[in-house]
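Each chain, letter by letter, is given below.
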Amino acid sequence: MKGKIKLYIAVIGLVGICCLVLYQGIGTKQEESYEYSDDYVQVKELPAMLDFYYFTKEEWEEKIKEEDFGAIVTPEAVAWILKQTGSEKYITYDAKAKKRIIREEWNQIYEQLLDLLDEEHTVQIADEVILKTDAETIYGSSKTYQCKLDQMKIEPMTTMGFYVKEDVIIGIRSMKSKSVTLSNVYVKEAGGGKLEFLSKGESYTIELEIQEPEKTGGHVCDLLWEDGSLVKVQVKEDTIQGNLIAVDDATIEIEGYGQIKRSQNLPVYKTYGSIEEKDLSNIVIANMKVEYVVAKDQVEAILLVEPAQMSRIRALLLAEDGSSYRSEVFLGANCAYQAVKKEETQDLPPEAVLKASEWFANEGENSIRVQPLEEDGLLFLCDEKGAKISNGYQGVLELRRYPEGFAVVSELPIEQYLCAVVPSEMPVTYAPEALKAQAVCARSYAYIQLQNGDYAAFGAHVDDTTNYQVYNKQERNDVTTAAVLDTAGTVLKYNGEIAEAYYFSTSAGVTGNGDAWNLTADPKFGYLNGTLMKEGGGSMDLSSEEAFRKFIAEPDAAAYEKEYPFFRWTAVGDYTQPVVWERIAEILNARKNRTPEDIVYSDKQGNPVETLQDFGALLQIRVTKRGISGVALQLQLEYEQGIVTVGNEYNIRALLGAGITELTLLDGSKRKSALLPSAYAVVVPLENGAYQISGGGYGHGIGMSQNGAQAMALSGKNYEEILKFSFQNIELGNGDAT
């Protein structure tokens, strides 16, 4: 037969007969055509499967040709392969003068080869329900694969067994897997011989040839296939309910239940409003009614049954060294208080000191909740004798045990939390309208962090430092509490969504648009346009070195912050000493771990390299790119043997700060500093190899300037006017639910 030959094989699936098509290309006259089948293995399948050993796939193709061995695998072909791989003495099989090797026999031979020769276990076995295909991509029930099998097309809702290498399908193990389960799908509707379900982020509808069980719709189910056909829909009806407190790779912690094992792939389904699959990150810890589908003593899926009600926040209290863990914790209270473990509750008198290590006697107990017994009672961290080492905490302090040590989490209503944030972030002597603006910013920022769940492994949303917002480092104050209560529930909104309200201490006379943090490409940050910090606002292009140098040297007399010490500052940086080079190297290595995309090492020819090693002496530092607000976006460090390009305003401040010891502020005062106050800086080389650094502002320069807010408040502006000046096109609204 001449010309293009199309070979078809029927694979029985849920949607009828699904065709697996193999195109053989143009060839010479052939006596017989062969399809993918369990009754034999085609010779052309072998090169990809043998690619794991010694030769490449292309080299195996040159060695194993149909004109030499025929179209299908025979005992003679197997004998040749075993000889080529040096395994004929170790692998036996039953030849029996057969004309062909069936696929099951080949699998036994092949898997012996893998056991013998694939020392790094590069080839894996996978049995999959095929959910969908896209070009050469196959979306399976457990993983997504690339398929390189000679123009083979596989239709959805079939089940097959594969051999896989590095997530690429290299061979077929079975045309119909004997038994495969698609676990923990959410059945949206069932009836009329059809089943609509969610899995892996998408919705699927399949026809049923079996009678669906009652109460299938609205439940999490396992779909069981045998020999290529769906044979059972297994409903999982057992659920428990409670707030999610913490989650890691192996367990989740549920309020009232403690830690429970979780499935490795834990789906999250939103069951109110539009039914859709979500992610663990969409769960607002401690603020969301959640149901957990349980089976086999573990959580199999999570159901979100109503929107989050933003009422509580959980803050991780970092240790003095900035770490999350403490070797020991002592707690006290100004009134009688209570310690609650999973199996025990104990009341303690005011003079009692709770020692964490003594309370975790039971190996299975990993958290203790401590709360005052009086409504206005306060808890505090103390030493072993009961002397306070912290301000008082409202709400609950939760002690958590980890292999690395103890962690302490403060849980309380969000408005009470803000009453301990605002005095820690803005002086209580500031004008009431400035404090209200600060309260709204702090609330908006906190609500965003509730949704992010950065500290989910600790059962927390934020920590208590400048990493997020400074919490409880200053005593609560009636003035700042009034600012919080007067704006209770109010947040910034942009396009109907809560806006992340960034704020900082002092501007250089202008605020940025977020490009210092690479935010400008994301439309959700469209409210960060930047503005000149003076009456009427406005903008100007300060992206050129000349324009920004003039801006720093000749400050605007109308600027709101013109009299604040950090409005302008200078420093001399000496980067000629090896000790400074070592400090810079430490900063680069640390920051590259945090923001790898912002620090790039390259050789003199511009080719990227992995490390800073052997770069030699630091020769030159210069700003190579600025934003429209004048902020330094890119710093270049030129070494004898290489170049380092640095982005992100904090990285730039840290590196320039490595060579300075003292700042001179606008009022002539001196300040010690190891971090440049801002990236609004001009770097000019001096004759002795040092650099004159002149700049303005304190902080990242994005969003609301706190001292600018104070100046605006003193000029008669209210908090809403201050916020709408600092953030463009925003509205003030309520953020209680999301």
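Residues numbered from 1 in each chain as written. Predicted model: local features only at pLDDT ≥ 70, side-chain atom pairs only at ≥ 80, totals over all residues. Heavy atoms only, no water.

Focus: the overall build of the protein chain
Thought 1: Helix and strand counts for the protein chain come out as 14 helices and 45 strands.
Thought 2: The principal-axis extent of the C-alpha atoms belonging to the protein chain is close to 100 × 70 × 50 Å.
Thought 3: Put simply, the protein chain has 738 residues, and 51% of those count as buried.
Thought 4: Of the contacts formed within the protein chain by residues at least 6 apart in sequence, a portion of 63% connects residues at least 24 apart.
Thought 5: Total accessible area computed for the protein chain in this model is approximately 34100 Å², and 46% of it derives from carbon and sulfur atoms. (Helix = DSSP H or I, 4+ residues; strand = E, 2+ residues; numbered from the N terminus. Buried < 20%, exposed > 50% of the residue type's maximum accessible area, 1.4 Å probe, protein only. Contact = heavy atoms within 4.5 Å. Areas by Shrake-Rupley, 256 points an atom, 1.4 Å probe, with all protein chains shown as cover.)

Observations regarding the environment of Ser-673
Thought 1: Within the secondary structure, Ser-673 is located in the loop between strand S41 (670–672) and strand S42 (681–685).
Thought 2: Taking the relative accessible area as the measure of exposure, Ser-673 reaches 18% and is therefore buried.
Thought 3: Each C-alpha atom of the pair Ser-673 and Ala-658 lies 9.2 Å from the other, and the pair is 15 residues apart in sequence.
Thought 4: Not counting the four nearest positions on each side in its chain, Ser-673 is found in contact with Ile-660, Thr-661 and Leu-663.

Regarding the sheet that holds S42
Thought 1: The five strands are arranged S41-S40-S34-S43-S42 in an open sheet whose pairing can be described as antiparallel. Two strands bound the open sheet, and with one partner strand each, they are S41 and S42. Averaged over all adjacent pairs, the angle separating strand axes in this sheet is 25°, with direction ignored.
Thought 2: Pairing of strand S40 (residues 662–665) with S41, which is carried by three bridges, proceeds in the antiparallel orientation. Across the sheet, residue Thr-664 finds its bridge partner in S41, namely Lys-670.
Thought 3: The strands touched by helix H10 (residues 545–553) within the sheet are S42 and strand S43 (691–695), with S42 carrying the most contacts at an inclination of about 105°. (Pairing = 2+ DSSP bridges. Axes fitted to C-alpha atoms, helices over the stretch in contact; angles between N-to-C directions.)

Some thoughts on helix H4 (residues 75–84)
Thought 1: Along H4, the residues that are buried comprise Pro-75, Ala-77, Val-78, Ile-81 and Leu-82. The arc that holds every buried residue of H4, seen down its axis, measures 155°, which confines them to one face. Away from its buried face, by an angle of more than 90 degrees, H4 presents the exposed residues Glu-76 and Lys-83.
Thought 2: Buried residues belonging to H4 abut helix H1 (46–50), helix H3 (66–69) and helix H5 (103–117). (Arc of directions from axis to C-beta.)

Points about the pattern of salt bridges
Thought 1: Counting across every chain of the model gives 33 salt bridges.
Thought 2: A salt bridge links Asp-51 to Lys-165; the nearest nitrogen and oxygen atoms lie 3.0 Å apart. Of this pair, Asp-51 sits in the loop between H1 and helix H2 (57–63) while Lys-165 sits in strand S6 (residues 159–165), placing them 114 residues apart in sequence.
Thought 3: A residue is classified by how much of its surface remains accessible, and Asp-51, at 25% relative accessible area, is partly exposed.
Thought 4: Salt-bridge contacts for Lys-436 lead to Glu-433; the nearest nitrogen and oxygen are separated by 3.1 Å. One end of the pair, Lys-436, and the other, Glu-433, are both in helix H8 (residues 432–452), three residues apart, so they sit about a helical turn from each other.
Thought 5: Linked through salt bridges whose partners overlap, the residues forming this network are Glu-253, Glu-255, Arg-312, Arg-314, Arg-369, Glu-398, Arg-400 and Glu-411. (Salt bridge = Lys/Arg side-chain N within 4 Å of Asp/Glu carboxyl O.)

Regarding the pairing of strand S29 (residues 405–413)
Thought 1: With eight of nine residues buried, S29 lies mostly within the body of the structure.
Thought 2: Note: strand S21 (residues 312–316) against S29, five bridges, orientation antiparallel. Bridge assignment links Arg-314 to a residue of S29, and that residue is Glu-411.
Thought 3: Of the strand pairs in this sheet, strand S28 (residues 396–402) and S29 are connected by seven bridges, and their pairing is antiparallel.

Describing the environment of Gly-716
Thought 1: For Gly-716, the position within the fold is in the loop between helix H13 (706–714) and helix H14 (719–726).
Thought 2: Taking relative accessible area as the criterion, Gly-716 reaches 61% and is therefore assigned exposed.
Thought 3: In this structure, the C-alpha to C-alpha distance between Gly-716 and Glu-731, residues 15 residues apart in sequence, is 20 Å.

Details of the pairing of strand S26 (residues 367–372)
Thought 1: Here S26 shows a buried face lined by Ile-368, Val-370 and Pro-372 and an unburied face lined by Ser-367, Arg-369 and Gln-371.
Thought 2: The pairing of S26 with S28 spans four bridges and is classified as antiparallel. Looking across to S28, one finds that Ser-367 is bridged to Arg-400.

Some details on the packing of aromatic side chains
Thought 1: Counting across every chain of the model gives 33 aromatic pairs.
Thought 2: Ring geometry for Trp-60 and Trp-80: centres 6.4 Å apart, planes at 80°, overall edge-to-face. Of the two residues, Trp-60 is situated in helix H2 and Trp-80 in helix H4; the sequence distance between them amounts to 20 residues.
Thought 3: Residue classification places Trp-80 among the partly exposed residues on the basis of a relative accessible area of 23%.
Thought 4: Where Trp-106 meets Tyr-110, the ring centres are 5.7 Å apart and the plane angle is 20°; that geometry is what we call stacked. In this pair, Trp-106 and Tyr-110 are both assigned in helix H5, four residues apart and thus about one turn of the helix distant.
Thought 5: According to the relative accessible area criterion, Tyr-110 is buried, its value standing at 0%.
Thought 6: Grouped by ring-pair contacts, the aromatic residues Phe-52, Tyr-53, Tyr-54, Phe-55, Trp-60, Phe-69, Trp-80, Trp-106, Tyr-110 and Tyr-163 constitute a single cluster.
Thought 7: For the cation-ring pair, Lys-132 lies above Tyr-139, with the distance from its terminal atom to the ring centre recorded as 4.7 Å. (Phe/Tyr/Trp six-rings, centres within 6.5 Å; stacked < 30°, edge-to-face > 60°. Lys NZ or Arg CZ within 6 Å of the ring centre and 35° of its normal.)

With respect to the environment of Ala-658
Thought 1: Take Ala-658: it is sitting in the loop between helix H12 (649–657) and S40.
Thought 2: Among all residues touching Ala-658, those that are not within four sequence positions of it are Tyr-575, Val-580, Arg-583, Ile-584, Ile-587 and Ala-674.

Quick word on the nonpolar core
Thought 1: Judged by nonpolar contacts, the single largest core of 155 residues is most densely connected at Tyr-417, Tyr-575, Ile-584, Leu-588, Leu-637, Val-644 and Phe-727.
Thought 2: Counting residues per element, this core draws most heavily on H8, at 12 residues.
Thought 3: Excluding residues that lie within four positions of it along the chain, Tyr-417 makes contacts with Ile-313, Ala-315, Leu-412, Ala-446, Val-462, Gln-469 and Tyr-471.
Thought 4: Formed by 26 residues, the second largest nonpolar core is a distinct cluster that contains Ala-48, Trp-60, Ile-91 and Ile-101. (Core = buried A, V, L, I, M, F, W, Y, C linked by side-chain atoms within 4.5 Å.)

Concerning the confidence of the model for the protein chain
Thought 1: Averaged over all residues, the pLDDT of the protein chain equals 90, while 95% of them reach at least 70.
Thought 2: Counting interchain partners and residues more than four positions distant, the pLDDT-below-50 stretch residues 1–30 has 79 contacts. (pLDDT = per-residue confidence, 0-100.)

Some words on H5
The α-helix advances 3.6 residues per turn, and as a result positions three or four apart in sequence lie on the same side.
Thought 1: When the terminal C-alpha atoms of H5 are compared, their 20 Å separation across 15 residues agrees well with the 21 Å that a helix rising 1.5 Å per residue should span.
Thought 2: Among the residues making up H5, those that are buried are Arg-103, Glu-105, Trp-106, Asn-107, Ile-109, Tyr-110, Leu-113 and Leu-114.
Thought 3: Buried positions along H5 lie against H1, H4, strand S3 (123–134), S6 and strand S7 (168–174). (Expected span 1.5 Å × (residues − 1).)

Brief notes about the sheet that holds strand S22 (residues 330–333)
Thought 1: Spatial strand order, S25-S22-S27: three strands in an open sheet with antiparallel pairing. Each edge of the open sheet is held by one strand with a lone partner, namely strand S25 (354–355) and strand S27 (379–381).
Thought 2: Where S22 and S25 come together, two bridges link them in antiparallel fashion. When the sheet's bridge partners are listed, Leu-331 is paired in S25 with Leu-354.

Here's the deal with the side chain of Glu-128
Thought 1: Following the sequence through the fold, Glu-128 ends up in strand S3.
Thought 2: Buried charge without a salt bridge: Glu-128, with Lys-143 as the nearest opposite-charge side chain at an N-O distance of 7.3 Å.
Thought 3: Reaching out from Glu-128, the side chain makes a polar contact with the backbone nitrogen of Ser-141 at a distance of 2.7 Å.
Thought 4: At 2.4 Å, the side chain of Glu-128 forms a polar contact with the side chain of Ser-142. (Lys, Arg positive; Asp, Glu negative; His and termini not counted. Polar contact = N/O pair within 3.5 Å; in protein donor to acceptor, adjacent residues only side chain to side chain.)

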